[in-house]
Number of protein chains: 2
Amino acid sequence: MQGEVAIGEKQDCPFCVNPIFKDSSLDHPRKIAELEVSTAVLGRTEQYFRGYTLLVLRGHATELFDLDPETRRKFVEDATRLASALAETFHPIKMNYCLLGNTVEHLHWHLIPRRHTDPDPKRPIWESPFPNVQLSDDDFQSMAHEIRGHL
Amino acid sequence: MQGEVAIGEKQDCPFCVNPIFKDSSLDHPRKIAELEVSTAVLGRTEQYFRGYTLLVLRGHATELFDLDPETRRKFVEDATRLASALAETFHPIKMNYCLLGNTVEHLHWHLIPRRHTDPDPKRPIWESPFPNVQLSDDDFQSMAHEIRGHL
């Protein structure tokens, strides 16, 4: 499903120009889905927290208050729908939802299933270093497929 | 302004029973405002990141997908309004918005103004340890007052 593009692109933004977000196909192994105003992809280097997903707004904006209320509502509904699918897939004890944008200033959610087995389940994942877990394209594809089945 | 209570309380939840959230007055030095469905208070131990604010849902819920869509919309509009006020007060380079709930499983935003002078402005604040900055009640009260002026 190709949803609408909320707003314009920004030519020097790494997300705006990345084919994984520009191309509406699901060909990329890490891509989960195109939701109403945003695109869901599995985190490339964060799968130590299995299911770690980025949900990237289509079109460029930096802050929640830069969006018009209706686009903001859709962006949050996309995040809610995806978080629910992640919860049904991975049965976490808690979901974490973060809009940071410190490195790439393009609105995107970090959606992170948290587990009792995390190094410190009561604290933000960034407080302890965690390894970069390398998954194969097949692993990514099958995880994306499984999550998609719960959307 | 006393907004509505979105949903019921939970008797063993530290936020549900805390007077700073139960009492609708602004008497507490750290309290910024009662917004439509949530209450804004300055973080007690996180003022190393000056302006660090918690926005706590009135009534108990754990996950975004546990809220009905209209309460969720209001909760996000509250966060957006407050983030905009924090941005006007502190002129950060970026706002960070996190729903974690790993320690207290009651929906609340961490709203964090980020600055060039942060230890690592490109990374989440939790990646480097930061000191617990002790502010006086007067300091809290004047900061809360200043933010309130931008709401």
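Definitions and limits used
Residues numbered from 1 in each chain as written. Chains lettered and ligands numbered in written order. Predicted model: local features only at pLDDT ≥ 70, side-chain atom pairs only at ≥ 80, totals over all residues. Heavy atoms only, no water. Helix = DSSP H or I, 4+ residues; strand = E, 2+ residues; numbered from the N terminus. Buried < 20%, exposed > 50% of the residue type's maximum accessible area, 1.4 Å probe, protein only. Contact = heavy atoms within 4.5 Å. Salt bridge = Lys/Arg side-chain N within 4 Å of Asp/Glu carboxyl O. Polar contact = N/O pair within 3.5 Å; in protein donor to acceptor, adjacent residues only side chain to side chain. Nonpolar A, V, L, I, M, F, W, Y, C, P; charged D, E, K, R; others polar. Pairing = 2+ DSSP bridges.

A. Focus on the overall build of chain A. The helix and strand tally for chain A stands at 3 helices and 5 strands. Going from N to C terminus, chain A has its helices and strands arranged as α-β-β-β-α-β-β-α. Taking the principal axes of the C-alpha coordinates as reference, chain A spans close to 40 × 30 × 25 Å. Scored against the burial criterion, the 151 residues of chain A give a buried share of 56%.

B. Seen up close, the interface of chain A and chain B. Listed by partner, the interface residues are 33 residues for chain A and 33 residues for chain B. Counting the contacts that link chain A with chain B gives 4 salt bridges. The closest approach of N and O atoms between K94 of chain B and E63 of chain A, which form a salt bridge, is 3.2 Å. The interface formed by chain A and chain B includes 24 residue pairs in polar contact (both at pLDDT 80 or more). Those elements giving two or more residues to the side of chain A that touches chain B turn out to be helix 2 (69–90), strand 4 (94–99) and strand 5 (108–114) of chain A. Looking at which element gives the most residues to the side of chain A that touches chain B, the answer is helix 2 of chain A, with 9 residues. Residue classes in the side of chain A that touches chain B are distributed as 16 nonpolar, 7 polar and 10 charged.

C. Structural detail: the pairing of strand 4 (residues 94–99) of chain B. Extensive coverage of strand 4 of chain B is indicated by the burial of 6 of its 6 residues. A two-sided burial pattern is seen for strand 4 of chain B, the buried positions comprising K94, N96 and C98 of chain B on one face and M95, Y97 and L99 of chain B on the other. In terms of strand pairing, strand 4 of chain A meets strand 4 of chain B through 3 bridges, oriented antiparallel. Across the sheet, C98 of chain A pairs through a bridge with C98 of chain B, a residue of strand 4 of chain B. As paired strands, strand 4 of chain B and strand 5 (residues 108–114) of chain B are joined by 6 bridges and run antiparallel to one another. Counterpart to Y97 of chain B in the pairing with strand 5 of chain B is L111 of chain B.

D. The side chain of K94 of chain B, seen in detail. As for its position among the elements, K94 of chain B is in strand 4. Polar side-chain contacts of K94 of chain B include one of 3.2 Å to the backbone oxygen of T62 of chain A. Excluding anything up to four places from it in sequence, K94 of chain B contacts T62, E63, L100, G101, N102 and E105 of chain A together with I112, P113 and R114 of chain B.

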